[in-house]
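Spelled out from the first residue to the last, the chains are:
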Amino acid sequence: MKISWLKLPGLYDIIFLLFLMISFLFIGAACLTPWLDFSQFKLVRTALLSHVAVLTWVGLALHIISYWRSFHIPAMLTANILGIGAFLIFWLLPSVLLVPVVLLLGAIFLTLKVVQQTKA
């Protein structure tokens, strides 16, 4: 399968969700280990969440580019709107996690649906 501007945001969303899961597992492990003091936990959390802030801008840009290229595919327009909304929520409200994750999963599934329909 070729990578295109329409499918690239879906791939990036998957990679972003994996990074997010690994980050929160690492933060949880740093919080639960008794031999790490709280100042190191704050450093780890701040570093990982600052990376998330930068990565949201990349995801937002990819979804906007894909949105402008997918005017002829309604499902891709919806997937890109979900992705744009999810990354805006990640950027504006980083403490809210469930809503943008659900929006990103919706964007990924819509992108996969479009890819399967166009490949068949």
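How each quantity is defined
Just so you know, the residues in each chain are numbered from 1, in the order the chain's sequence is written. Per-residue local features of the predicted model are confined to residues with pLDDT of at least 70, and side-chain atom pairs are confined, for both listing and counting, to 80 or more; whole-chain, interface and lining totals are unaffected and use all residues. Each side-chain value is derived from all of the structure's non-hydrogen atoms; neither hydrogens nor water enter the calculation. The definition of a nonpolar core used throughout is a set of buried Ala, Val, Leu, Ile, Met, Phe, Trp, Tyr and Cys residues joined through side-chain atoms within 4.5 Å. Throughout this description, buried means an accessible area under 20% of the type-specific maximum (1.4 Å probe, protein chains only), exposed means over 50%, and partly exposed covers the range between. Put simply, DSSP H or I for four residues or longer makes a helix, DSSP E for two residues or longer makes a strand, and each gets a number counted from the N terminus. Contact criterion: two residues are considered in contact whenever any of their non-hydrogen atoms come within 4.5 Å of each other. Expected helix span is computed as 1.5 Å times (number of residues minus one). Each axis is a line fitted through C-alpha atoms, taken for helices only over the stretch in contact, and angles between the N-to-C directions span 0 to 180 degrees. For any helix crossing, the convention is left-handed if the near helix is rotated counterclockwise from the far helix by under a right angle, and right-handed if that rotation is clockwise. As a working rule, the residues Ala, Val, Leu, Ile, Met, Phe, Trp, Tyr, Cys and Pro are called nonpolar, Asp, Glu, Lys and Arg charged, and the rest polar, with Gly in that last group. Note on aromatic contacts: the rings of Phe and Tyr and the six-membered ring of Trp form a pair at centre separations within 6.5 Å, being stacked when their planes are under 30 degrees apart, edge-to-face when over 60 apart, and tilted otherwise.

Engineer: Looking at this structure, I do not really get the nonpolar core. What am I missing?
Structural biologist: Nonpolar side chains tend to gather and get buried jointly when the protein is soluble and globular. Grouped together as the largest cluster of nonpolar side chains are 13 residues, with contacts concentrated most on Y12, F16, L17, L20, F87, F90 and L104. Among the secondary structure elements, those contributing two or more residues to this core are α1 (8-32), α2 (38-69), α3 (74-92) and α4 (98-119). Among all residues touching L104, those that are not within four sequence positions of it are D13, F16, L17, G83, A86, F87 and F90.

Engineer: Just checking my understanding: could you explain α1 for this structure?
Structural biologist: Since the α-helix packs 3.6 residues into each turn, any two residues three or four apart lie on the same face. Here α1 contains 25 residues, and its C-alpha end-to-end distance of 36 Å stays within 8% of the 36 Å for a straight helix at 1.5 Å per residue. Turning to α1, its buried residues number three or more, namely P9, G10, Y12, D13, F16, L17, L20, S23, I27 and A30.

Engineer: Where do I start with the environment of S4 in this structure?
Structural biologist: Among the secondary structure elements, S4 is positioned in the segment before α1. Residue S4 is classed as partly exposed on the basis of its relative accessible area of 27%. On a C-alpha basis, the gap between S4 and L49 in space is 29 Å, while along the polypeptide they are 45 residues apart.

Engineer: Help me out: how do you make sense of the packing of α1 against α3 in this one?
Structural biologist: When two helices pack together, their arrangement is given by the angle between the helix axes and the distance between those axes. As a packed pair, α1 and α3 sit with axes 11 Å apart at the nearest point and diverge in direction by 30°. Here α1 and α3 pass one another in a crossing that is left-handed. Counted together, P9, Y12, D13, F16 and L20 of α1 and N80, F87 and F90 of α3 form the full contact between these two elements. Across the contact of α1 with α3, the residue classes break down as six nonpolar, one polar and one charged.

Engineer: Explain the packing of aromatic side chains to me, please; I cannot follow it from the model alone.
Structural biologist: Aromatic ring pairs: the centre-centre distance and the angle between the two ring planes describe each pair. Inspection of the entire model under this criterion finds nine aromatic pairs. Here W57 and W91 contribute two aromatic rings whose centre-to-centre distance is 4.9 Å and whose plane-to-plane angle is 65°, an arrangement assigned as edge-to-face. Within this pair, whereas W57 is found in helix α2, its partner W91 is found in helix α3, the two being separated by 34 residues in sequence. A relative accessible area of 41% means that W91 is categorised as partly exposed. Taking 5.9 Å as the distance between ring centres and 80° as the angle between the ring planes, the aromatic pair formed by Y67 and W68 counts as edge-to-face.

Engineer: Help me understand α3 in this model?
Structural biologist: In this model α3 runs 27 Å from its N-terminal to its C-terminal C-alpha over 19 residues, within 8% of the 27 Å that 1.5 Å per residue would give. If you check which residues of α3 are buried, you get M76, L77, A79, N80, G83, I84, A86, F87 and F90.

Engineer: Looking at this model, I keep getting lost on the environment of F24. Mind explaining?
Structural biologist: The topology assignment puts F24 in helix α1. Sequence-wise, F24 and P74 are 50 residues apart; in three dimensions their C-alpha atoms are separated by 34 Å. Excluding residues within four positions of it along the chain, F24 makes contact with L49 and L97.

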